[in-house]
Amino acid sequence: MDLAPEIAAARDHFARRLAVETDCSDVHAALESGEPGFVLIDTRNQEAWDQGHVRGAIHMPKPDMPARIPAEFAPGTAFVVYCWGPGCNGATRAGLIISELGYAVKEMIGGFEYWAREGLPVDAVDATGAEVDATRDVDPLTGPLPKAGVRISCAC
């Protein structure tokens with residue numbers, strides 16, 4: 001049995017996904033580098049943003065994107081978008097909007113839910129409107145727990 005066509009189809013499938021998806025760990029590493037090479041956008045509504053958002057993200061709900069993106073960002077700007085989590089397709093919809101505007105865009109799989117569950121930096125907006133640290137402890141179901149203050153990665 002010749003498996004070459006199935007192998008080629010799998011290779012093409014996964015290459016296409018990696019062209020338009022990234023994960024929380026890679027986004028975090030890029031942000032920590034100081035030169036991530038993309039603008040990180042939280043696509044959720046104001047209430048969700050206030051409750052908690054990725055530190056370093058900008059808030060831009062999907063309805064605002066068609067006007068704001070071309071007005072605020074030069075052609076050639078790359079974006080990473082996220083919404084709530086794996087059960088939400090808001091980031092997928094945002095990726096479509098941004099790509100239709102002519103910009104490169106990737107979706108952060110796992111969304112805010114997995115960012116927060118992995119114990120990555122989270123900010124929230126308090127009652128006075130100030131940004132406050134809202135980082136949560138690592139959920140042991142999302143990956144290895146840190147040891148002695150050192151973050152352990154799954155090395156994916």
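None of the values given here were measured: they were computed from a predicted structure.

**A look at the pairing of strand S7 (residues 122–125)**
- Where strand S3 (residues 53–54) meets S7, 2 bridges bridge the pair, whose relative direction is antiparallel. Bridging across to S7, His53 finds its partner in Asp123.
- In the sheet, S7 pairs with strand S8 (residues 131–133) via 3 bridges, with the strands oriented antiparallel. Paired with Ala124 across the strands is Val132, a residue of S8.
- Between S7 and the antiparallel strand that follows it, S8, lie 5 residues; Gly129 among them carries a positive phi value of about 95 degrees.

**Focus: the sheet that holds strand S1 (residues 21–23)**
- Spatially, the 5 strands line up as an open sheet ordered S1-S6-S5-S2-S4, and their pairing is parallel. Edge positions in the sheet fall to S1 and strand S4 (58–59), since each of these pairs with one other strand and no more.
- Pairing geometry for strand S5 (residues 78–82) and strand S6 (residues 104–109), over 4 bridges, is parallel. The residue of S6 that forms the bridge with Ala78 is Ala104.

**Details of the UniProt feature "domain: Rhodanese" (unreviewed entry) in the chain**
- UniProt tags residues 34–124 as "domain: Rhodanese" (unreviewed entry).
- The span residues 34–124 shows a helical share of 35% and a strand share of 24%, and its end C-alpha atoms are spaced 21 Å apart.

**Some details on the nonpolar core**
- Counting residues in each nonpolar core, the largest one holds 16 residues, and the members touching the most others are Val27, Leu40, Val54, Tyr82, Met108 and Trp115.
- Residue assignment for this core shows that the elements contributing at least two residues are helix H2 (24–32), S5 and helix H6 (111–117).
- Filtering out sequence-adjacent residues up to four positions away, Val54 remains in contact with Leu31, Leu40, Tyr82, Met108, Phe112, Trp115 and Pro121.
- Phe79, Cys83, Ile98 and Val105 belong to the second largest nonpolar core, which has 14 residues in total.

**Focus: the environment of Arg68**
- As for its position among the elements, Arg68 is in helix H4 (residues 65–72).
- Overall, Arg68 belongs to the partly exposed group, its relative accessible area being 26%.
- Considered as a pair, Arg68 and Asp23 are 45 residues apart in the sequence and their alpha carbons are 25 Å apart.
- In contact with Arg68, not counting residues within four places along its chain, are His59, Met60 and Phe73.

**Things to note about the sheet that holds S8**
- Pairing in this open sheet of 3 strands is antiparallel, and the strands run S3-S7-S8 from one edge to the other. At either end of the open sheet lies a strand with only one pairing partner, and these are S3 and S8.

**Focus: the side chain of Thr77**
- Inspection of the secondary structure puts Thr77 in the loop between H4 and S5.
- On the accessibility criterion, Thr77 (18% relative accessible area) is buried.
- In terms of polar contacts, Thr77 uses its side chain to reach the backbone carbonyl oxygen of Ala74, at 2.7 Å.
- Sequence-distant contacts of Thr77, that is, excluding residues within four places in its chain, are made with Val39, Tyr103 and Ala104.

**Some points on the packing of aromatic side chains**
- Across all of its chains, the model carries 3 aromatic pairs by this definition.
- Taken together, Phe73, Phe79 and Tyr103 form an aromatic cluster joined through their ring pairs.
- Arg44 extends its terminal NZ or CZ atom over the ring of Phe112, reaching a point 4.6 Å from the ring centre.
- The ring of Tyr114 has Arg117 sitting right over it, with the charged end atom 4.8 Å from the ring centre.

About the thresholds
- Residues numbered from 1 in each chain as written.
- Predicted model: local features only at pLDDT ≥ 70, side-chain atom pairs only at ≥ 80, totals over all residues.
- Heavy atoms only, no water.
- Pairing = 2+ DSSP bridges.
- Helix = DSSP H or I, 4+ residues; strand = E, 2+ residues; numbered from the N terminus.
- UniProt positions renumbered as here; feature names shortened; annotations may be inferred.
- Core = buried A, V, L, I, M, F, W, Y, C linked by side-chain atoms within 4.5 Å.
- Buried < 20%, exposed > 50% of the residue type's maximum accessible area, 1.4 Å probe, protein only.
- Contact = heavy atoms within 4.5 Å.
- Polar contact = N/O pair within 3.5 Å; in protein donor to acceptor, adjacent residues only side chain to side chain.
- Phe/Tyr/Trp six-rings, centres within 6.5 Å; stacked < 30°, edge-to-face > 60°.
- Lys NZ or Arg CZ within 6 Å of the ring centre and 35° of its normal.

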